[in-house]
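So you can see what is in the structure, the chains are spelled out below.
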Amino acid sequence: MKIINETNISFMSKSNNESFARSVVSAFVLQLDPTITELADIKTAVSEAVTNCIVHAYKYEMGTIYITVRIIEGGKIQIKIRDKGCGIENIHEAMEPLFTTMGGERAGLGFAVMQSFMDKIRVNSKVGKGTTITMEKSIIRRAKNNE
Amino acid sequence: MSVKISHENGKITAKLMGEIDHHTAKAMREEIDSEAEKIKPAVLYLDFSEVQFMDSSGIGLVMGRFRQMELLGGKLRVINVPEHLERIMALSGLGALGVLTNEGKVKK
Ligand SMILES: Nc1ncnc2c1ncn2[C@@H]1O[C@H](COP(=O)(O)OP(=O)(O)OP(=O)(O)O)[C@@H](O)[C@H]1O
Ligand SMILES: [Mg+2]
């Protein structure tokens, strides 16, 4: 697995950083010349993971969210989104569609969206320590000027 | 303005504008709810034609308004879902609530 390019960003868990995170990641991914749909899929998945850090991991405090984006040889993109928040007790249960610990305005669909819009997702979490979401997606290679 | 609200004949149309995420959904929700509580409409239309982006917070916004309209004794309808949001709408299971319509589908 050869890393072609990498960026690291970190920011405070403020909700107006949700759109910031989407923009930064998509700007970096642009070098792979993704389709509009591929880019929208990545933005949506990033939005889900970052929102989860803000509303769940750092529910009662302000914390830092860390994102690493890597371009892997062969046109694959890997995105790691990490928090040092409360952690997830039961990952299997958390990933079930419609499962939410928040109710109200939350649909419980964040993980379902990440799973369906990305090729791969891995969740590492420790209660009291934090959570890392690793997602991958291959960007289909196209002839340059054929949109 | 993240939402444009209009009403006639006891029906409200809320046109959502721009990007719907957890941050922007809050203001949208507050504006729609205060109008709905005032008017108590027979139908609340959520118009998605001007939505460029949404994540599951958009689904939560629809589900929350569905519940609120049940409490107010009215109906909720989601209209003008652009093509680029069809997949996330399908994933949401909102179809089963009977709120999605094919009215005036637009290409984006
Ligand atoms: N980073 C995290 N830290 C702690 N708990 C998390 C984290 N991410 C997710 N969770 C837990 O997993 C559950 C499911 O997450 P998911 O994103 O699928 O749904 P949601 O955030 O509750 O609702 P939605 O994403 O539809 O607004 C959450 O309710 C929360 O309990
Ligand atoms: Mg979520």
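Use the structure listed above.
All values derive from a computational prediction rather than experimental measurement. (Residues numbered from 1 in each chain as written. Chains lettered and ligands numbered in written order. Predicted model: local features only at pLDDT ≥ 70, side-chain atom pairs only at ≥ 80, totals over all residues. Heavy atoms only, no water.)

**Quick notes on the pattern of salt bridges**
And step 1. Tallied over the entire structure, the rule returns 11 salt bridges over all chains.
And step 2. Residue K120 of chain A is joined to E136 of chain A by a salt bridge in which the shortest nitrogen-to-oxygen separation is 3.7 Å. Of this pair, K120 of chain A sits in strand β4 (residues 120–126) while E136 of chain A sits in strand β5 (residues 130–138), and the two are 16 residues apart along the sequence.
And step 3. Take E136 of chain A: its relative accessible area is 9%, and that puts it in the buried class.
And step 4. When the shortest N-O distance is used, the salt bridge between E30 of chain B and K26 of chain B registers 3.4 Å. One end of the pair, E30 of chain B, and the other, K26 of chain B, are both in helix α1 (residues 22–39), 4 residues apart, so they sit about a helical turn from each other.
And step 5. For E30 of chain B, a relative accessible area of 43% gives the class partly exposed. (Salt bridge = Lys/Arg side-chain N within 4 Å of Asp/Glu carboxyl O. Helix = DSSP H or I, 4+ residues; strand = E, 2+ residues; numbered from the N terminus. Buried < 20%, exposed > 50% of the residue type's maximum accessible area, 1.4 Å probe, protein only.)

**Structural notes on the packing of helix α1 (residues 17–29) of chain A against helix α2 (residues 36–57) of chain A**
Residue and element names in this part refer to chain A.
And step 1. It is the contact of α1 with α2, at a shortest axis distance of 9 Å, that shows an interaxial angle of 140°. The chirality of how α1 crosses α2 is right-handed. Residues E18, A21, R22, V25, S26 and V29 of α1 form the contact with α2, whose participating residues are L39, I42, K43, V46, S47, V50, T51 and I54.
And step 2. Here the residues of the contact of α1 with α2 are counted per class, giving 8 nonpolar, 3 polar and 3 charged. (Axes fitted to C-alpha atoms, helices over the stretch in contact; angles between N-to-C directions. Left-handed = near helix turned anticlockwise from the far one by under 90°. Contact = heavy atoms within 4.5 Å. Nonpolar A, V, L, I, M, F, W, Y, C, P; charged D, E, K, R; others polar.)

**Notes on unusual backbone geometry**
Residue and element names in this part refer to chain B.
And step 1. For N9, which is not glycine, the phi torsion reads 50° and is therefore positive.
And step 2. Position of N9 among the secondary structure elements: in the loop between β1 (3–8) and β2 (11–20).
And step 3. Take N9: its relative accessible area is 70%, and that puts it in the exposed class.
And step 4. Although it is not a glycine, N80 sits at a positive phi angle of roughly 55°.
And step 5. Locating N80 in the fold gives a position in the loop between β4 (75–79) and α3 (86–92).

Worth remembering: the numbers are spatial, not functional.
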